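Survey of secondary and tertiary structure
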Amino acid sequence: MRAFGVTDNKINSFVEFDKTKETPTGRDLLVKIKAVSVNPVDIATRKNIVGELDNPKILGYDGYGIVDAVGAEVTNFKVGDKVFFAGDYTRDGSNQEYEIIDERIVAHAPKETSVEKSVAMPLVTLTASELLFEKLNINPVADNRDKTILIINGAGGVGSIATQLAHLAGLRVIATASTPEKVQWVKNLGADLVVNHHQNLIKQVHDLGIENVDYIVGLSDNDPHWNEIVELIKPFGTFATITNLRESQIGDLKSKSVNFAWEWMFTKAKFKLDSMSDQGAYLEKLADGLDSGMIKSTVTKVFNGFDLENIKAATELVEAGHMMGKVVIKA
């Protein structure tokens, strides 16, 4: 079968190569891939490669396809089912014709939503769901009208779904966006208020009549905003992030007794935790939300043709760092 991978940390190292199609065992599915989406983790993974690889690294951490075969212990899926998922960082990704994936982190694909709208959503939705409901400990069915969340990089992939989920949970949502198009984007997704992350966030939030916020989610480089985060978070509030802290000091949050949490969507699958099945459950809810219209897909660019040229072009778009929403490659 065809597969696409990288051999070093440069974008021009993408290659197409032949790979043997595997046979699923245990709780694994073999999925014939019909579409993928590109995420910043693809770029970060490639850039962290040291030297030249003997075997190409297969990236791609959003997949949509049809179950081709199942392992002996699979209970939730059968051959022919349409599924979508974000994947397992310790295994080959979705940039291949067939992928092996554990059924616990897979869900039945939406029935009424297009392939491209569906495949754009798994990784960002899992990340946003774990951020809000596990790391910030927000109860989505509670009365959260007196709670305020600041989402830094609200128009990005994770920010676009985090804004929706926070809005649906009833919070007052402040999202950051830097252009008129992106401001309108986050408003359409449920942001109550919008501030510009290229300007002073403290002044802008205070000008809105808000002294402090209960929650802050950092979805871009935290260092340029660190003093703003420390100032704006409420005492006993919670700050969670998906990005690294290079210069910022967590100790700056101590005097406010601020809770701090990392979010990495792949942790559950990497360590084979029992809770990895939560990801399949989140994705089943996502499928229902997309089909009902409660959740809006954030796909903004689609490449038709699952080939080397389109994988490279889509990667370049994401790597440029100016994407609003998600980019998809469809077979």
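Residues numbered from 1 in each chain as written. Predicted model: local features only at pLDDT ≥ 70, side-chain atom pairs only at ≥ 80, totals over all residues. Heavy atoms only, no water.

If you check an unreviewed UniProt entry, the chain appears there as Zinc-type alcohol dehydrogenase-like protein from Companilactobacillus huachuanensis. Annotation of the chain in UniProt includes, under Sequence similarities (unreviewed entry), the sentence "Belongs to the zinc-containing alcohol dehydrogenase family. Quinone oxidoreductase subfamily." (UniProt positions renumbered as here; feature names shortened; annotations may be inferred.)

The subject of this paragraph is helix α4 (residues 157-168). Helix length check: α4 (12 residues) gives 17 Å between terminal C-alpha atoms against 16 Å at 1.5 Å per residue, within 8%. Most of α4 is tucked away: 10 of the 12 residues are buried. All of the buried residues in α4 are G157, V158, G159, S160, I161, A162, T163, Q164, L165 and A166. One or two residues past the end of α4 sits G170, with phi positive at roughly 90 degrees. (Helix = DSSP H or I, 4+ residues; strand = E, 2+ residues; numbered from the N terminus. Expected span 1.5 Å × (residues − 1). Buried < 20%, exposed > 50% of the residue type's maximum accessible area, 1.4 Å probe, protein only.)

Now for the packing of aromatic side chains. Ring pairs (aromatic) are described by centroid distance and by the angle formed between their planes. Under the definition given, this model contains nine aromatic pairs. Considering the side-chain rings of Y61 and F266, the 5.3 Å spacing of their centres and the 70 degrees angle between planes classify their relative orientation as edge-to-face. Here Y61 is found in the loop between α1 (40-47) and β4 (63-70), whereas its partner F266 is found in the loop between β13 (259-262) and α8 (267-270), with 205 residues between them in sequence. Each of the two residues, Y61 as well as F266, counts as buried. Aromatic side chains Y89 and W264 sit 5.2 Å apart centroid to centroid with 75 degrees between the ring planes, which places their arrangement in the edge-to-face category. Taken together, the positions of Y89 in the loop between β5 (82-85) and β6 (98-102) and W264 in the loop between β13 and α8 put the pair 175 residues apart, joining distant regions of the chain. The partly exposed category is assigned to Y89, whose relative accessible area is 24%. On the accessibility criterion, W264 (34% relative accessible area) is partly exposed. Three or more aromatic residues joined by ring pairs make a cluster, and in this case those are Y61, Y89, W264 and F266. (Phe/Tyr/Trp six-rings, centres within 6.5 Å; stacked < 30°, edge-to-face > 60°.)

Once that is clear, we can look at the UniProt feature "domain: Enoyl reductase (ER)" (unreviewed entry) in the chain. Under the present numbering, the feature "domain: Enoyl reductase (ER)" (unreviewed entry) in UniProt falls on residues 10-329. In residues 10-329, the share of helix is 29% and the share of strand is 24%. The end C-alpha atoms are 20 Å apart.

Following the criterion strictly, the structure yields 20 salt bridges and no others. A salt bridge links K78 to D81; its shortest N-O distance comes to 3.0 Å. The residue R104 makes a salt bridge to D102 at a minimum N-O spacing of 2.8 Å. One connected set of salt bridges, linked through shared partners, spans K19, E22 and D92. (Salt bridge = Lys/Arg side-chain N within 4 Å of Asp/Glu carboxyl O.)

One open sheet holds the six strands; their spatial order is β10-β9-β8-β11-β12-β13, and the pairing between them is parallel. In this open sheet, the two edge strands, each paired with only one partner strand, are β10 (193-195) and β13. Pairs of neighbouring strands in the sheet enclose a mean axial angle of 15 degrees, with direction left out of account. By the bridge criterion, four bridges tie strand β8 (residues 148-152) to strand β9 (residues 172-176) in an arrangement that is parallel. Bridged to L150 within β9 is I174. Across the sheet, helix α3 (residues 122-135) is in contact with β11 (213-218), β12 (233-241) and β13; its angle to β12 comes to roughly 150 degrees. (Pairing = 2+ DSSP bridges. Axes fitted to C-alpha atoms, helices over the stretch in contact; angles between N-to-C directions. Contact = heavy atoms within 4.5 Å.)

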